[in-house]
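# Report on the structure
Now for the letters of each chain:
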Amino acid sequence: MLLIECPYCGARDETEYQYGGEAHVPYPEDPSQLSDQEWAEYLFYRNNPKGLLAERWAHTAGCRRWFNVVRDTVTYDIKAVYRMGEPAPQIGGVR
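Computed from a predicted model, the values in this text were never measured in an experiment.

The next thing to look at is the side chain of H59. Relative to the assigned elements, H59 resides in the loop between β4 (52-58) and β5 (66-72). You can call H59 buried: its relative accessible area is 0%. A polar atom in the side chain of H59 sits 2.6 Å from the side chain of E16. In this structure, H59 is in contact with C6, C9, R12, E16, Y17, R64, R65 and F67, ignoring residues within four places of it in sequence.

Structure representation (structure tokens):
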């Protein structure tokens, strides 16, 4: 099992959390001006690196708050945990 450190509640088992996808994906400034292709790319196209990735997680069985995690997609090692709104820490090649 993966142990995830909630920035509000502390370390908890991964079964208490829900994965929310890649972090720091900006919402389009004017979505009504996007083509179907551009809208599809915003909704469905994400980085899928082999290595470090900033992700969103929700502590659904705890405080129910969202936060960000930098996780290595190869080893599953969590390198950093930080609250929503905080900048991503500069660790290696975080995407």
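What follows deals with the packing of aromatic side chains. This structure, assessed with the given rule, holds five aromatic pairs. Taken together, a centroid distance of 5.4 Å and an interplanar angle of 75° make the contact between Y19 and W57 edge-to-face. Of the two residues, Y19 is situated in strand β3 (residues 18-22) and W57 in strand β4; the sequence distance between them amounts to 38 residues. Judged by relative accessible area, W57 falls into the buried class, the value being 10%. For the ring pair Y27 and W39, a centre distance of 6.5 Å and an interplane angle of 90° mean the geometry is edge-to-face. Here the residue Y27 occupies a position in the loop between β3 and α1 (36-44), and W39 occupies one in helix α1, the gap between them amounting to 12 residues.

Quick notes on the rules
- Residues numbered from 1 in each chain as written.
- Predicted model: local features only at pLDDT ≥ 70, side-chain atom pairs only at ≥ 80, totals over all residues.
- Heavy atoms only, no water.
- Helix = DSSP H or I, 4+ residues; strand = E, 2+ residues; numbered from the N terminus.
- Buried < 20%, exposed > 50% of the residue type's maximum accessible area, 1.4 Å probe, protein only.
- Polar contact = N/O pair within 3.5 Å; in protein donor to acceptor, adjacent residues only side chain to side chain.
- Contact = heavy atoms within 4.5 Å.
- Phe/Tyr/Trp six-rings, centres within 6.5 Å; stacked < 30°, edge-to-face > 60°.

It is worth stressing that arrangement in space is one thing and function is another; only the former is reported here.
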